[in-house]
Amino acid sequence: MRFAVISNRLSLITASDAVVDLARASGGRFGPGIQDAYERWDELLEFCTTVTEVGTPLSDVPTTEFGNPAPAPRQLFAVGLNYAEHAAESSLPAPEEPAVFTKFVTALADPYGTIALVPGKVDWEVELVVVLGRRAHRVAAADAWRYVAGVTVGQDISERVRQRVGPAPQFSMGKSFPGFGPMGPVLVTPDEFDDPDDLELGCLINGEQMQKGRTSDMVFPVPELIARLSAITPLLPGDVIFTGTPAGVGFGRTPQRYLAPGDELVSYVRGVGEMRHLLVAGH
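Residues numbered from 1 in each chain as written. Predicted model: local features only at pLDDT ≥ 70, side-chain atom pairs only at ≥ 80, totals over all residues. Heavy atoms only, no water.

Participant: So what exactly am I meant to see when it comes to the overall build of the protein here?
Facilitator: Across its full length, the protein carries seven helices and 19 strands. The C-alpha atoms of the protein give 18 Å as radius of gyration, which agrees with the globular expectation for 283 residues (19 Å, within 12%). Each principal axis of the C-alpha distribution contributes one length, and for the protein these read about 55 × 45 × 30 Å. The buried share of the protein, taken over its 283 residues, is 54%. Within the protein, contacts between residues separated by at least 24 positions form 75% of all contacts whose residues are at least 6 apart in sequence. For the protein, the exposed area adds up to about 12100 Å²; of that, 52% sits on carbon and sulfur atoms. Charged side chains in the protein number 23 positive and 35 negative. The centres of these two groups are separated by 4 Å. (Helix = DSSP H or I, 4+ residues; strand = E, 2+ residues; numbered from the N terminus. Rg over C-alpha atoms; globule rule 2.2 N^0.38 Å. Buried < 20%, exposed > 50% of the residue type's maximum accessible area, 1.4 Å probe, protein only. Contact = heavy atoms within 4.5 Å. Areas by Shrake-Rupley, 256 points an atom, 1.4 Å probe, with all protein chains shown as cover. Lys, Arg positive; Asp, Glu negative; His and termini not counted. Charge placed at Lys NZ, Arg CZ, Asp CG, Glu CD.)

Written out as structure tokens, the structure is:
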């Protein structure tokens, strides 16, 4: 199944590419907010199998109406160096333990629109993002996908100077400026994929391919990340995991390249969709 936030309302995208407002279709059984729906995800999935409403053609929905499909998680995890080639371009070995940090929730943004640059060196990092649909505590990797509501596209926008300021790296600070965590445009349930552990992802700037990889190249695949995180702290419905970026980021290039006003950033995961953002000068 595919879900989206359209005009700030939880929507089902049917197999015929029609948009169904689930609050209206359910007669109020479910509210319009997607974040609340994660608490009742199994119930929502069961209801969606009964939906017969025709809906509005997806092609009639302007991109500006799409919102972030997980706008207010209680916990937001991010994983660094989770692709060996990205670790190598960072002049670091592949990690033996997941390198976990957070992006603050106020950095999250919609899948289309503008992103304001800040002073420094602003870089791109396309990522597969996982959203939890069940409380997960001490979950085995073999069972982990059962706890996932769905996956979407994310960008872990990073200001590289702030990221490294101080006696210890400030990853969370350098990656949490407003707009530095866009997600979307849709959330896709894991059963929609032949293999949810092998998805192509990438990004382009002004039409030039910057990153292209496969999630099968992760050092720690999604199930292993969920197992390791949930071994320490319970994961809650609606929580978000940015799972890491493949090689091709700006600071790893020769010469280095960073985002500039006027750049168009396109980020995608095959089978999920793509985001488009225009970079603008900050104030």
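Participant: What is the right way to read the pairing of strand β6 (residues 76-80) from this model?
Facilitator: Residues in a regular strand project their side chains so that they alternate between the two faces of the sheet. Buried residues dominate β6, accounting for five of its five residues. The two faces of β6 match: Leu 76, Ala 78 and Gly 80 on one face and Phe 77 and Val 79 on the other face are all buried. Strand direction decides the pairing type here: β6 and strand β17 (residues 240-242), joined by three bridges, are parallel. Considered in β17, the bridge of Leu 76 is made with Val 240. Judged from the three bridges that link them, β6 and strand β7 (residues 99-101) form a sheet pairing that is antiparallel. (Pairing = 2+ DSSP bridges.)

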